[in-house]
Amino acid sequence: MQSHPLPESILSIYKDSNSIPPTTTLENFHDKMREAAGKCFVDTAFWGGVIPGNQLELGPMIQAGVAGFKCFLIHSGVDEFPHVGDCDLHAAMKQLQGTGSVLLFHAERDVHQTTEETGDPCEYSTFLQSRPDVMEIEAIRTVTELCLQYQVRCHIVHLSSAKPLKLIQEARQNGAPLTVETTHHYLSLSAENIPAGATQFKCCPPIRGHANQEQLWSALKAGEIDMVVSDHSPCTPDLKKLDSGDFTQAWGGISSLQFGLPLFWTSASKRGFTLPDVVRFLCQKTAQLCSLDNQKGSLLPGYDADLVIWDPEKEFEVKEATIQHKNKLTPYLGLTLQGEVCATIVRGRMVYRQGSFSAEPLGKHLLIPQQKTQSLL
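A brief report on the enclosed structure follows. It should be emphasised that the depicted structure is a prediction, and the values quoted were computed from it without experimental measurement.

All right, on to the overall build of the chain then. Along the chain, the regular secondary structure elements total 10 helices and 12 strands. In summary, the chain has a C-alpha radius of gyration of 20 Å against a globular reference of 21 Å for 377 residues, a match within 12%. Taken along the three principal axes of its C-alpha coordinates, the chain extends 55 × 50 × 40 Å. Looking at the chain as a whole, 53% of its 377 residues are labelled buried.

Right, dumping it as structure tokens:
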């Protein structure tokens, strides 16, 4: 892990479990914390991971302070983090019952394709057709059944398709402790505008069409989607296969961490969303998901003094020179966004101001005490 400044609008990071080494054992969790010690510019919590056969590691990782666990229902893209089957899921859910912890799902499942995949691999439509909505529908059907059966908190990460929202709502009405997020790229980008060979737009699940995007915004307005997150998934430029433009071979992931606040505000402000909505979707609900809502996500006495000072009216262009993450490739290059961050304060200490970062990392690890009761968002 490099000691590299975090984007200026970020106050806390919830670190994914499938970065190498994957956080699937207590030993790996301790290794990650040791490597990150003294290198984080903002406060950082860690997700654990559920993979085949590691169910007995879950309890010890909960005791050690992970925020919860993530699993994949389809190949993760990382061989060290294999996806789980039904037997693995039942074993994990039994371990999580009564702990108050949460299981996050990458909700896509392989489905039988009735027609053979064909088409130019450099055309985005070819990739999109290979990851149809039904993959999310069937995965979320599995999640809702597990959630209702075991009454363990479950969370669907990076919802792309609006079609499974009815399943989610029905499960909630029947008592499932289930939450769901979508991402900035699903709310900001649409399939119709992705050029041939522009593999910086590839992610899984895929960016879908404009009509689907409008349904996601409507669901957010109606409270059917709980939060909006970055799903920041950078890679080295070679993995994006820009030389060939082959969507089928390129790494699936979008870099957007730095621009989450202006990305959301640029579109949301034009759709009737207000600043309290921004706080709810980007701060309060994410803190609740991680069981950190007793210290993060709100401006209340006794809470951490985490603040972003920004100009919601000021526009700026996304340029490579201003991107803070290591690998600069992002589909947002050249876009004009609204809402420029001026300064960032973490626990009352300035970590960013007008393009300059604090001289030393000031972040700390956020370890989650075990919760014996469950709370819904």
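What follows deals with helix 1 (residues 26-36). Looking only at helix 1, the buried set comprises Asn28, Phe29, Lys32, Met33 and Ala36. Along helix 1, the residues classed as buried sweep out an arc of 140° about the axis, all on the same side. Turned more than 90 degrees away from the buried face of helix 1 sit Glu27 and Arg34, all of them exposed. On its buried side, helix 1 packs onto strand 2 (43-46) and helix 2 (55-64). In the segment just after helix 1, glycine 38 is the residue with positive phi, at about 75°.

Turning our attention to empty space enclosed by the protein. Scanning the model with the defined rule gives 4 cavities of 30 Å³ or more in all. For the second largest cavity, the calculated volume is near 70 Å³. Along the walls of the second largest cavity sit Gln200, Ser233, Pro234, Cys235, Thr236, Lys240, Gly253, Ile254, Ser255, Asn327 and Leu329, which together make up its complete lining.

Within this structure, the stated rule accounts for 15 salt bridges. In this structure, lysine 39 and glutamate 35 form a salt bridge, with 2.9 Å as the shortest nitrogen-oxygen distance. Assessed through its relative accessible area of 37%, glutamate 35 is described here as partly exposed.

Let's shift gears to helix 8 (residues 210-222). Spacing of three or four residues puts side chains on the same side of an α-helix, whose turn is 3.6 residues. With 13 residues, helix 8 should reach 18 Å at 1.5 Å per residue; the first-to-last C-alpha distance of 19 Å fits that figure. Inspection of helix 8 places Asn212, Gln213, Leu216, Trp217, Ala219 and Leu220 among the buried residues, and these make up the whole buried set. Seen from one end, helix 8 has its buried residues packed into an arc of 160°, which puts them on one side. Seen from the open side of helix 8, the exposed residues pointing more than 90 degrees away from its buried face are Ala211 and Ala222. In the stretch just after helix 8, glycine 223 is the one whose phi turns positive, near 85°.

Glancing now at the packing of helix 5 (residues 133-150) against helix 6 (residues 165-173). At a minimum axis separation of 9 Å, helix 5 and helix 6 run at an interaxial angle of 5°. In terms of axis orientation, helix 5 runs roughly parallel to helix 6. Residues Ile137, Ile140, Arg141, Thr144 and Leu148 of helix 5 touch helix 6, and the partners they reach there are Leu167, Ile168 and Ala171. Of the residues contributing to the contact of helix 5 with helix 6, the split by class is 6 nonpolar, 1 polar and 1 charged.

Rules and cut-offs
- Residues numbered from 1 in each chain as written.
- Predicted model: local features only at pLDDT ≥ 70, side-chain atom pairs only at ≥ 80, totals over all residues.
- Heavy atoms only, no water.
- Helix = DSSP H or I, 4+ residues; strand = E, 2+ residues; numbered from the N terminus.
- Rg over C-alpha atoms; globule rule 2.2 N^0.38 Å.
- Buried < 20%, exposed > 50% of the residue type's maximum accessible area, 1.4 Å probe, protein only.
- Arc of directions from axis to C-beta.
- Contact = heavy atoms within 4.5 Å.
- 1 Å grid on protein atoms, 1.4 Å probe; cavity = no way out; pocket = protein on both sides within 12 Å on 5 of 7 lines; lining within 4 Å.
- Points joined across faces, edges and corners; volume = space filled by probe spheres on them.
- Salt bridge = Lys/Arg side-chain N within 4 Å of Asp/Glu carboxyl O.
- Expected span 1.5 Å × (residues − 1).
- Axes fitted to C-alpha atoms, helices over the stretch in contact; angles between N-to-C directions.
- Parallel < 35°, antiparallel > 145°, perpendicular 65-115°, else oblique.
- Nonpolar A, V, L, I, M, F, W, Y, C, P; charged D, E, K, R; others polar.

The values are spatial; any link to function lies outside them.
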